[in-house]
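# Breakdown of the fold
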Amino acid sequence: MRFVTKSESLRKAFFQDLKAEGIKFDVSERLSYESFVGYMLEGTVSEIQSRIETFDAGDKEAIMEGFISFRESLNHLLEHLKVGEKFESLLQEGPWVAELLDQLAGNGAIEYEGDTIKLKEGTEIDKLHFQFKFPFNLVHNPEGAEKLAKQFALTDLTMEYEFEIVELDMKKINTLGRIASKYFPEDYLLRTYFGLVGRAILAGEILKSLDDKVPMEDLVKAFVRASPIAIPTEKGTLVVNFTKDAVEETLKLLKKLGYVDIKAGRVKKLRDLV
C-alpha cells in the first residue's frame, strides 16, 4: 500500500507530515519520466486564443475547450498569488499548479517571501507569455495544425518517490487519510486507504486467532479458506478478499513490526494491535 509522487516539494511536505504524526513508512526513490506528445502555442493569453480561432472547425472546438480550462486555472492561481499563498496550499489545488508556477517564474512574475509565493507587484498579466500545450489526438488535420502550432514532445526525466506505508494502527491509518487528502487525488487516496484498512483488518484477525504457537502453514491455509472477510459498517459493508500470498506478506509485516515471532515454521503472538 503505497503513495507515489514525482514532485520533490510534495515529497518533502508529505514526509514531514507523516513523521510528525508518527506514521510508520518507508520511502524509496528511482528514476522515472513524464512524457507528452502534441502541439504548443506560445504568446499572451489573448494571442493564443486568437490563434485557436483560426484552426479548422473540426479541431477548434476541442482545442478551445482545453484552452478555456487552462485560462480558468491560470486566473484562479493568479487570484491566490495576488495575496500570497504557501506552496503546500497551492499544491492542493491540483498537479497543474507546478507547471503554471514554472511558466510564471519564466516570466519573472513571482517572488518568494519565506515559504509564501506572491505575484510581483506591478506585473502586467495581459503581457505575460505562456505556452499552451494540447495532445496530438485533438487534431484531425495535422497539416493545418502545423501551420499554426509547433510540434511539441516532452520527455522529462525525473525522480519518482514511493512512500510504502507499513502502518496497522487504524487511528493512524485514519490520520494518514486526512494527511494524504491534501496531496493526492481522491480516487487514488480512497483505493490506497481501503487497501490499508483491509490489511489492518486481516492483521487484526490473524492476531486474534493466535492463542499459542501455531504452525504457519496451517494458519495460512485456515485464513485462505475463510476469505473473504465481510465487515458490516454504519454505511454498508466492507469486504476484504485475500490470497495465500497476501496472508504470508501480512505475517511478514506483523513480524517486522514486532507483533509476532516466526521461528521453525511456527507463529507466536507477542502483542496485540493497539
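We now turn to the structure provided with this report. (Residues numbered from 1 in each chain as written. Predicted model: local features only at pLDDT ≥ 70, side-chain atom pairs only at ≥ 80, totals over all residues. Heavy atoms only, no water.)

### Describing the overall build of the protein chain
Counting its secondary structure elements, the protein chain contains 10 helices and 12 strands. Across its three principal axes, the protein chain shows a C-alpha extent of roughly 75 × 45 × 40 Å. A total of 274 residues make up the protein chain; the buried ones form 39% of that total. For the protein chain, long-range pairs separated by at least 24 residues make up 72% of all intrachain contacts whose partners lie at least 6 apart in sequence. For the protein chain, the accessible surface area stands at approximately 15,900 Å², while carbon and sulfur atoms represent 50% of it. (Helix = DSSP H or I, 4+ residues; strand = E, 2+ residues; numbered from the N terminus. Buried < 20%, exposed > 50% of the residue type's maximum accessible area, 1.4 Å probe, protein only. Contact = heavy atoms within 4.5 Å. Areas by Shrake-Rupley, 256 points an atom, 1.4 Å probe, with all protein chains shown as cover.)

### A word on the sheet that holds strand β8 (residues 214–215)
Spatially, three strands are ordered β8-β12-β11 in an open sheet, and the strand pairing comes out antiparallel. With partners counted over all chains shown, the strands left at the sheet margins are β8 and β11 (260–263), one partner each. Sheet analysis places β8 next to strand β12 (residues 266–269), joined by two bridges and oriented antiparallel. Counterpart to V214 in the pairing with β12 is V267. Its contacts with the sheet put helix α10 (residues 244–256) on β11 and β12, and the angle it makes with β11 is roughly 110°. (Pairing = 2+ DSSP bridges. Axes fitted to C-alpha atoms, helices over the stretch in contact; angles between N-to-C directions.)

### Things to note about the environment of G265
As for its position among the elements, G265 is in the loop between β11 and β12. For G265 and G22, which are 243 residues apart along the polypeptide, the C-alpha to C-alpha distance reads 32 Å. Among residues more than four places away in sequence, those in contact with G265 are V214, P215 and M216.

### Some words on a nonpolar patch on the surface
Nonpolar side chains collect at one region of the surface, where L31, Y33 and L157 lie side by side and expose about 380 Å² of accessible area between them. Relative to the assigned elements, L31 resides in strand β2 (residues 25–43). By relative accessible area, L31 is classed as exposed at 61%. (Patch = residues over 30% accessible without salt bridge, like charges linked within 9 Å, V, L, I, M, F, W, Y side chains within 5 Å. Salt bridge = Lys/Arg side-chain N within 4 Å of Asp/Glu carboxyl O.)

### Section: the side chain of D59
With respect to the helices and strands, the residue D59 is situated in helix α3 (residues 57–83). Setting aside anything within four residues of it in sequence, one finds D59 in contact with L138, V139, H140 and N141.

### As for the packing of aromatic side chains
For the coordinates displayed, the defined rule picks out 18 aromatic pairs. Summarising the aromatic geometry, the rings of F14 and F184 are spaced 5.3 Å apart at their centres and angled 75° between planes, so their arrangement reads as edge-to-face. Highlighted residues: F14 in helix α1 (residues 8–20) and F184 in the loop between α7 (170–180) and α8 (186–208), separated in sequence by 170 residues. Using a relative accessible area of 8% as the deciding quantity, one classes F184 as buried. What links up through ring pairs into an aromatic cluster is the set F3, F14, F15, F25, F163, Y183, F184 and Y188. Positioned over the ring face of Y161 is R11, at 5.3 Å from the centre of the ring. A cation sits over an aromatic face here: R271 above Y259, 4.0 Å from the ring centre. (Phe/Tyr/Trp six-rings, centres within 6.5 Å; stacked < 30°, edge-to-face > 60°. Lys NZ or Arg CZ within 6 Å of the ring centre and 35° of its normal.)

### Looking at the pairing of β11
Covered by surrounding structure in β11 are V260 and I262 only, the residues D261 and K263 on the alternate face being uncovered. Pairing analysis gives four bridges linking β11 to β12, with the strands arranged antiparallel. Residue pairing for β12: V260 is matched across the bridge by K269. Counted along the chain from β11 to the antiparallel partner β12, the turn is two residues long, and its residue A264 has a positive phi close to 50°.

### Side note on α10
For α10, with 13 residues, the first-to-last C-alpha span of 19 Å sits near the 18 Å given by 1.5 Å per residue. Buried positions along α10 lie against α8, α9 (216–226), β11 and β12. Just past α10, the residue G258 takes up positive phi, approximately 85°. (Expected span 1.5 Å × (residues − 1).)

### Details of the sheet that holds strand β1 (residues 2–5)
Spatially, the four strands line up as an open sheet ordered β1-β7-β2-β6, and their pairing is antiparallel. Every interior strand has two partners, whereas the edge strands, β1 and β6 (130–135), have only one. In this sheet, adjacent strand axes meet at a mean angle of 45° when their direction is disregarded. Taken strand by strand, helix α2 (residues 45–52) contacts β2 and β6, and its axis lies near 65° from that of β2.

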